[in-house]
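Chains, contacts and geometry: an overview
Each chain, letter by letter, is given below.
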Amino acid sequence: MQHRDTETDRCCRMLLGDVFPNFEADSTFGRMKLHDFLRDSWGVLFSHPGDFTPVCTTELGRAAQLSPEFSKRNVKLMALSVDSLQEHHDWSKDIMAYNNTEPGSQFPFPIIADDRRELVEKLGMLDPEEKDHNGMPLSARCVFVIGPDKKLKLSILYPATTGRNFDEILRVIDSLQLTAHNRVATPVDWRPGNSVMVPPRIPETEAAMLFPAGVYTKDLPSGKKYLQIVQPKIDICC
Ligand code: BEZ
């Protein structure tokens, strides 16, 4: 594979469980320091390629519509791009109009101005395939979910040309919050209320003690007892 000698090579690659950098930045909500802004909340920091662009407008519009759902889950949203604070303020009015929101109402979460590209480089949020009119790479559609312990819980990286699904981001937050407090794992396409799985490192005997109301173990051709399902009505305790 060809080596890419771009800004992305100089970024810090964060791993799940790493403490998220406590960066300071200007945003539409004023100067912010990440850890102080989050306090004991969860956080979703997501970047977009640029203000006044069609896909980004639909994405931030949807995130704004869903912001009460994020708040209900104690999650604070933060958007970020390499545009200026003034551009963010002006564009947020367009997003609200796109959403048919009452004129004059405030955009519900901060948009961080990273026009000096410090954060996108540091956090590995650039898409080297998408360039601005000066030939500089744009920010990719990156999503970081940060826990109340300030550690990285999940990261997703989409190219500029593919808009994200914010219902999916809410769904993964439901899973992250459930699995942070319960020794369970959520299967494919899981939704709150659906059955959950006993994680593989928990033996059948221990699972029976952890979930006294019942664990269903699926018989499989291998004879291995790894597919253990906890039914949704069962109280899952910490
Ligand atoms: C957009 O948001 O529409 C967009 C931005 C950069 C590349 C492609 C699409």
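Residues numbered from 1 in each chain as written. Predicted model: local features only at pLDDT ≥ 70, side-chain atom pairs only at ≥ 80, totals over all residues. Heavy atoms only, no water.

With that settled, consider the packing of aromatic side chains. Per the counting criterion, the structure on display carries four aromatic pairs. Ring centres of Phe46 and Phe166 lie 5.2 Å apart, and the angle between their planes is 70°; this geometry places the pair in the edge-to-face category. Here Phe166 lies in helix H6 (residues 166–181) and Phe46 lies in strand S3 (residues 42–47), a separation of 120 residues in the sequence. Phe46 gets classed as buried once you look at its relative accessible area, which sits at 0%. The ring of Phe37 is capped by Lys76, whose NZ or CZ atom sits 5.0 Å from the centre of that ring. (Phe/Tyr/Trp six-rings, centres within 6.5 Å; stacked < 30°, edge-to-face > 60°. Helix = DSSP H or I, 4+ residues; strand = E, 2+ residues; numbered from the N terminus. Buried < 20%, exposed > 50% of the residue type's maximum accessible area, 1.4 Å probe, protein only. Lys NZ or Arg CZ within 6 Å of the ring centre and 35° of its normal.)

Bringing the domain arrangement of the protein chain into the picture now. Buried accessible area, meaning the area lost when the parts come together, often serves as the stated size of an interface. According to the domain assignment, the protein chain contains domain 1 (18–173) and domain 2 (182–237). Each of domain 1 and domain 2 has a C-alpha centre, and the two are 35 Å apart. (Domains from an automatic or database assignment.)

Right, let's talk about the packing of helix H2 (residues 54–65) against helix H4 (residues 85–98) for a bit. Put simply, H2 and H4 touch, their axes get as near as 9 Å, and they point 70° apart. Relative to H4, H2 is oriented roughly perpendicular. Counting all contacts with H2, which are made through Cys56, Thr57, Thr58, Leu60 and Gly61, the residues of H4 involved are Trp91, Ile95 and Tyr98. A breakdown of the residues in the contact of H2 with H4 according to their chemical character gives five nonpolar, three polar and no charged. (Axes fitted to C-alpha atoms, helices over the stretch in contact; angles between N-to-C directions. Parallel < 35°, antiparallel > 145°, perpendicular 65-115°, else oblique. Contact = heavy atoms within 4.5 Å. Nonpolar A, V, L, I, M, F, W, Y, C, P; charged D, E, K, R; others polar.)

Our next topic: the environment of Thr217. Tracing the backbone through its elements, the reader meets Thr217 in strand S11 (residues 215–217). Sequence separation between Thr217 and Ile95 is 122 residues, and the spatial gap between their C-alpha atoms is 49 Å. Excluding residues within four positions of it along the chain, Thr217 makes contact with Glu204, Lys225, Leu227 and Gln228.

Counting residues in hydrophobic clusters, the biggest one holds 27 residues, and the most contacted among them are Val44, Phe46, Leu60, Phe70, Phe107, Phe109 and Val145. Top contributing element to this core by residue count: H6, with six residues. (Core = buried A, V, L, I, M, F, W, Y, C linked by side-chain atoms within 4.5 Å.)

Here the focus is the pairing of S3. Extensive coverage of S3 is indicated by the burial of six of its six residues. With burial as the criterion, each face of S3 is covered, one bearing Trp42, Val44 and Phe46 and the other bearing Gly43, Leu45 and Ser47. As defined by bridge partners, S3 adjoins strand S4 (residues 75–81) across six bridges and the pair is classed as parallel. Its bridge partner lying in S4, Trp42 is registered against Val75. With four bridges joining them, S3 and strand S8 (residues 141–146) adopt antiparallel strand pairing. Of the residues in S8, the one forming a bridge with Phe46 is Val143. (Pairing = 2+ DSSP bridges.)

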